[in-house]
Structure formats: structure tokens, C-alpha cells
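Below, each chain spelled out in residue letters.
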Amino acid sequence: MALIQPTIPFDERWAPSTQLTNLAVYEALTSSAIQNADRRVDLIVWPETSLTTPLEDHPRLERHLIEAVAAWHIPLLLGAVGRSEQAGGTRYRNGALVIEPGGTPRRVIDKAIGVPWIETVPTDDRIRQLLGRLGWQASARSLEAAGFDDPPGASVDATVAICYEVAFSGIFDRRRSESTNSLIVLASDDWGVGTAMLDIQVAHARFRAIEQRLPVLRVAHGDGTLHIDELGRTQASLNPRKP
């Protein structure tokens, strides 16, 4: 498995104008990882929100992505923003896609639990009114809690979670299947590198590994990419701060 940890600045990653440039960075890192691997790579994993413009809004981006996966002949699991059209307007969702060589992107999960008030919009009108009086405003891309949850597919024998979801053991209990052989957490730490938040997220990942008796592969932007074994011990790390 090839875990890719890019270091694209947060603002550039979320800029619509840089999506193709960002994709070129992921492709270069991935090609290098495949070429330098000491064993066959059976899955490529990119972090949370690797692509922040919905593919349905950017056909050229989708085409480049499909062509890259076909050239590697290896399935890709990545975090990506999607959108949902509802009566109240367009809502954006933070989730994961799987792309098989020769196939098209398939959305497998949407982040069901977001960080309160940072990612999620309160649904209770009274709470929204109170927060509004305090100066809070919902982002145009605030996450909508979602229940969409398909099995990743034959190429991914893993249970997948998105960043903050690692704090909730029930997420893994519900998503895990009989074929699950690992837990994959797609994360984004570039908004809080060097803070206690990263340490808390990694501690949660250790707990999930011990509870499920399965290795955890945590893939993040800029920091915090780890391989944790089923006993909660770090086996490999791309984060120099972690032992």
C-alpha cells in the first residue's frame, strides 16, 4: 500500500484554480512511491479533501484522475469534496472516493460526524439564532451530516473513516465487514500542525486499533501519516514528532 502525504498549503488546496496543479503534485508523489516501493503496491491512498472541487463540476480534473489511475494499474482511495443538491440549495460533503483502473470514481462514504460548528451546521433553529447573535455564520461549504455508506469494494478490504470520525468507536463497528483487514483514516492536519489536536487524533487512532484488533493506516496532509499496529504501536511514520 502506498500512503501519500503531500505538503500543499491549505489555501492552495482549497482554491478552485489550483486543482489541476495540486493533482499533478499527487501524481508525481504517487509515481515516485510506486517506483521506489520494495514490494508490489496494491492500493494507493491520498488524504482527506485531496480534491476540494467536486468532480462533477470539473470534468477535466476527473478525466486526468481516471487516466492517472489507469496508467498505474492500481486502485486509488482518496478524500474528496462532493456536492448534494437539495431543496435548500447546494450542500457540500466531505467523503472518500475509490477509483479502479479503467473505472470511474465511486463515492464510498461521506463524513457522517463533523467537528461541531467548524464543519457542521446546527440544525436546530434556536441554536442557529443564538449563534447568529454571537456573530457565527455558516460557511458556504459547511458539511452536511450524511448517512451514505457503501462498502469500498473488492480492491479495498478496509474500513474507512474521515479524520474526526476516528474519535467514535461506533463508526468502525458499523462500517466494518467480515473482510476488513485494516482501518484507514483519511485526515487533514495542516490546519493544526504542532498543536495538541494532532496528538489527540493519533491517540484516538491507537484506541481504535486496539479495540478492533486491526492495524490503522492514518494518511494526512503535511503531518501525522502513521502505520499503527493492532496493539496501538507505531510501526512507521512520516511525522518526525512521533516516536
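Residues numbered from 1 in each chain as written. Predicted model: local features only at pLDDT ≥ 70, side-chain atom pairs only at ≥ 80, totals over all residues. Heavy atoms only, no water.

Student: In this structure, what is going on with the layout of surface pockets? I would like to understand it.
Tutor: One simple way to see leftover space: roll a probe sized like a water molecule over the atoms. Approximately 490 Å³ is the volume attributed to the second largest pocket. Contributing to the lining of the second largest pocket are 17 residues, with Met1, Ala2, Leu3, His227 and Ala236 lying nearest its centre. Its residues assigned to classes, the lining of the second largest pocket shows 10 nonpolar, 3 polar and 4 charged. (1 Å grid on protein atoms, 1.4 Å probe; cavity = no way out; pocket = protein on both sides within 12 Å on 5 of 7 lines; lining within 4 Å. Points joined across faces, edges and corners; volume = space filled by probe spheres on them. Nonpolar A, V, L, I, M, F, W, Y, C, P; charged D, E, K, R; others polar.)

Student: Would you mind going over the nonpolar core with me for this structure?
Tutor: Most often, soluble globular proteins keep nonpolar side chains buried together rather than apart. Ranked by size, the top nonpolar core spans 21 residues in total, and within it Ile44, Trp46, Leu51, Leu65, Trp72, Leu76 and Leu78 carry the most contacts. Those elements giving two or more residues to this core turn out to be α2 (19-36), α3 (59-72), β3 (76-86) and β4 (89-99). For this core, the element with the most residues is α3, which contributes 5 residues. Residues contacting Leu78, with those up to four places away along its chain left out, are Trp46, Pro47, Leu51, Leu65, Gly95, Ala96, Leu97, Ile99 and Leu186. (Core = buried A, V, L, I, M, F, W, Y, C linked by side-chain atoms within 4.5 Å. Buried < 20%, exposed > 50% of the residue type's maximum accessible area, 1.4 Å probe, protein only. Helix = DSSP H or I, 4+ residues; strand = E, 2+ residues; numbered from the N terminus. Contact = heavy atoms within 4.5 Å.)

Student: Is there a simple way to think about the packing of aromatic side chains in this case?
Tutor: The full count for this structure, using the stated rule, is 4 aromatic pairs. Relative to Trp46, the ring of Tyr26 lies with its centre 4.9 Å away and its plane at 25°, an arrangement referred to as stacked. Of this pair, Tyr26 sits in helix α2 while Trp46 is found in the loop between β2 (44-45) and α3, placing the two residues 20 residues apart along the sequence. By the burial criterion, Tyr26 is buried, and Trp46 matches it. Clustering of aromatic rings is evident, with ring pairs tying together Tyr26, Trp46 and Trp72. (Phe/Tyr/Trp six-rings, centres within 6.5 Å; stacked < 30°, edge-to-face > 60°.)

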